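The lines below spell out each chain.
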Amino acid sequence: MTDLLFLGIDGGGTKCRARLRDAKGTLLGEGTGGPSNIRLEPELVWTSLLTACREALAQAGLQESDLGRIHAGMGAAGAGQTSAVERLLTRPHPFASFEIETDAHTAWLGAFKGGDGAILIVGTGSCGYGGTSGQCHYVGGWGYEISDEGSGAAIGRELLRRCIWAHDGRIAATPLSDAVLAEFKNDLEILVDWVGKARPADYGRYAPLVLQHAERRDPLGIAIIEDAAAGLSAIGMRLLDLGAPAICLFGGLSEPLRPWLSPPVQRTLADPMVDALDGAILLARMALGEPRP
């Protein structure tokens, strides 16, 4: 059993990460790839995750032929949609075994090792997940078009919406709205054309800009971040109502948005035991009946 290799994959809307460990838990290599929300085209998703896997293999001094020795677990954004999982799995995987769950589930596995608690993922998308006594529930995470409050994609979408308001004179212009509208040459037709082709990650790239302006007390930036934090806090409160004794934050926007969350949520925040990548490795180990090292 010491020859077993375990790969954890964390697939998000902006990037994919992979981590390779042996049966004893020794870190062998890590890698990154492109967007891998499985609601995207399967070819794009497989390209992203295999790019990350190959980089991890290379760091470990292994070859692509060694993929067949690897037991992989993947936590994927979009995996709550059964049709998206089925579409991804129409292409055969190269691993010895391949378990796929939502990125929320693998983050939660890592954070509490399957114990009581909840997690709040805040990246390109957002999602709450967790509970007590093994009874876990999802809160949000249904895609930025109708859900994912407080996420990078939702912040970017709201920014562009309010920039249109500023352009129309419905709200006062600010340095933030001026900067964004200048990107589109102050031409809303160009903006609308961009929106027609935009992916969640395209919207998400505006989140740091909004945060920067909010820290400079830009009224538009503050309003958008306050609304984002209120949406995230509502998710957090629901998780606490479901019995979670603590909440762990995950995702690239978790730390920047932490101070904007409501006090009742902030008081319950805890550090995860391990991260989502090791949670994905734990998923793969559990599928084989292997204990955590």
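Computed from a prediction, not measured in an experiment: that's the story for all the values here.

> Could you give an account of the pattern of salt bridges, with specific residues and numbers?
Per the counting criterion, the structure on display carries 15 salt bridges. Linking Arg-19 and Asp-275 is a salt bridge whose minimum nitrogen-to-oxygen distance equals 2.8 Å. With Arg-19 in strand S2 (residues 16-22) and Asp-275 in the loop between helix H11 (263-266) and helix H12 (276-288), this residue pair connects regions lying 256 residues apart in the sequence. Under the relative-accessibility criterion, Asp-275 is labelled partly exposed at 25%. Here Arg-161 and Glu-158 are joined by a salt bridge, their closest N and O atoms 3.0 Å apart. Taken together, the residues span about one helical turn, with Arg-161 and Glu-158 both in helix H4 (residues 152-168) at a distance of three residues. Taking the relative accessible area as the measure of exposure, Glu-158 reaches 17% and is therefore buried. One connected set of salt bridges, linked through shared partners, spans Arg-19, Arg-21, Glu-30, Asp-275 and Asp-278.

> Quick one: what's the story with the sheet that holds strand S3 (residues 27-33), residue by residue and with numbers?
Taken together, five strands build an open sheet; the order of strands is S3-S2-S1-S4-S5 and the sheet is mixed. Only two strands of the sheet have a single neighbouring strand rather than two, namely S3 and strand S5 (97-102). Within this sheet the neighbouring strands show an average axis-to-axis angle of 15 degrees, counted without direction. As paired elements, strand S1 (residues 5-11) and S2 share seven bridges and run antiparallel to each other. Each bridged residue has a counterpart across the sheet, and for Leu-5 the counterpart in S2 is Asp-22. Against the sheet, helix H1 (residues 42-59) engages S1, S2, S3, strand S4 (70-76) and S5, with an angle of about 150 degrees to S3. Each of S1, S4 and S5 touches helix H3 (residues 103-112); the most contacted strand, S5, lies at about 95 degrees to it.

> Would you mind going over the pairing of strand S8 (residues 135-139) in detail, with residue names and values included?
In this sheet, S8 lies alongside strand S7 (residues 126-132) in antiparallel orientation, the contact comprising five bridges. Its bridge partner lying in S8, Thr-132 is registered against Gln-135. Between S7 and S8, which follow one another and run antiparallel, lie two residues, and Ser-133 among them has a positive phi close to 55 degrees.

Rules behind the numbers
- Residues numbered from 1 in each chain as written.
- Predicted model: local features only at pLDDT ≥ 70, side-chain atom pairs only at ≥ 80, totals over all residues.
- Heavy atoms only, no water.
- Salt bridge = Lys/Arg side-chain N within 4 Å of Asp/Glu carboxyl O.
- Helix = DSSP H or I, 4+ residues; strand = E, 2+ residues; numbered from the N terminus.
- Buried < 20%, exposed > 50% of the residue type's maximum accessible area, 1.4 Å probe, protein only.
- Pairing = 2+ DSSP bridges.
- Axes fitted to C-alpha atoms, helices over the stretch in contact; angles between N-to-C directions.
- Contact = heavy atoms within 4.5 Å.

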